[in-house]
Amino acid sequence: MSTVEQVFVREPLGPRLRHEIVTIARHAEDKRAACIDALKLVQKRFRFVSDDHLVEVAALLEMTPAELDGVATFYNLIFRRPVGRHVILLCDSVACWVMGGAAACAHLCERLSVKPGETTVDGRFTLLPIVCLGHCDHAPAMMVDEDLYGDLDAARLDDILRRFR
Ligand code: FES
């Protein structure tokens, strides 16, 4: 188990977050319709959705953990494993691949000393591949946390990484 997981997995949702989830569920037509928003709240607080938290949220939304896990796994911006403080989602779809996505990936891997899917040893970055980000006209593209970046080459990647140091 990684350091990140040890830090975050043992803490329960807590009354405040449970209350927030119950509140958004109450305003939804069907409690299940609130599940993505609920998972996002958990992720915002803990960075990822642990198995324990998934079980808690499922109970609040009257879903089975398997049903909720199906949603969480399908939605690729919900992280089911620990991630670093910043998540780099690097597009690996065709337009980006054609425009140099592999070189961008290799550069990030070299700079961060990780492979795709891994987190840096200092817990600062996780590098994850993702399907098309809808930024194909500026391929290759990636998101870091909530922000989208395109036209990635080595110099631009270095500049972007510097902003998060
Ligand atoms: S293929 Fe990469 S952003 Fe669309």
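Residues numbered from 1 in each chain as written. Predicted model: local features only at pLDDT ≥ 70, side-chain atom pairs only at ≥ 80, totals over all residues. Heavy atoms only, no water.

Caption draft 1: Geometry of helix 4 (residues 51–60). Buried within helix 4 are the following residues: H53, L54, E56, V57, A58 and L60. Backbone geometry just downstream of helix 4 places E62 in the positive-phi region, at approximately 55°. (Buried < 20%, exposed > 50% of the residue type's maximum accessible area, 1.4 Å probe, protein only. Helix = DSSP H or I, 4+ residues; strand = E, 2+ residues; numbered from the N terminus.)

Caption draft 2: Molecular detail of the sheet that holds strand 4 (residues 147–149). Spatial strand order, 2-1-3-4: four strands in an open sheet with mixed pairing. Strand pairing shows two members of the sheet lacking a second neighbour, strand 2 (125–130) and strand 4, which therefore form its edges. Averaged over all pairs of adjacent strands, the angle between their axes in this sheet comes to 20°, without regard to strand direction. In this structure, strand 1 (residues 86–91) lies alongside strand 2, joined through six bridges in parallel fashion. Along strand 2, the bridge assignment pairs V87 with T126. Packing of helix 6 (residues 94–112) onto the sheet brings it into contact with strand 1, strand 2 and strand 3 (142–144), and relative to strand 1 it is tilted by some 150°. (Pairing = 2+ DSSP bridges. Axes fitted to C-alpha atoms, helices over the stretch in contact; angles between N-to-C directions. Contact = heavy atoms within 4.5 Å.)

Caption draft 3: Fine view of the nonpolar core. In this structure, L13, I21, L39, V42, V57, L61 and L68 are the most contacted members of the largest nonpolar core, which totals 20 residues. If you list the elements that add at least two residues to this core, you get helix 2 (15–27), helix 3 (35–46), helix 4 and helix 5 (65–74). If we skip the residues at most four places from it in the chain, L39 touches V49, L54, L68, A72 and I78. Ranked by size, the runner-up nonpolar core spans 18 residues in total, among them C109, L112, Y149 and L161. (Core = buried A, V, L, I, M, F, W, Y, C linked by side-chain atoms within 4.5 Å.)

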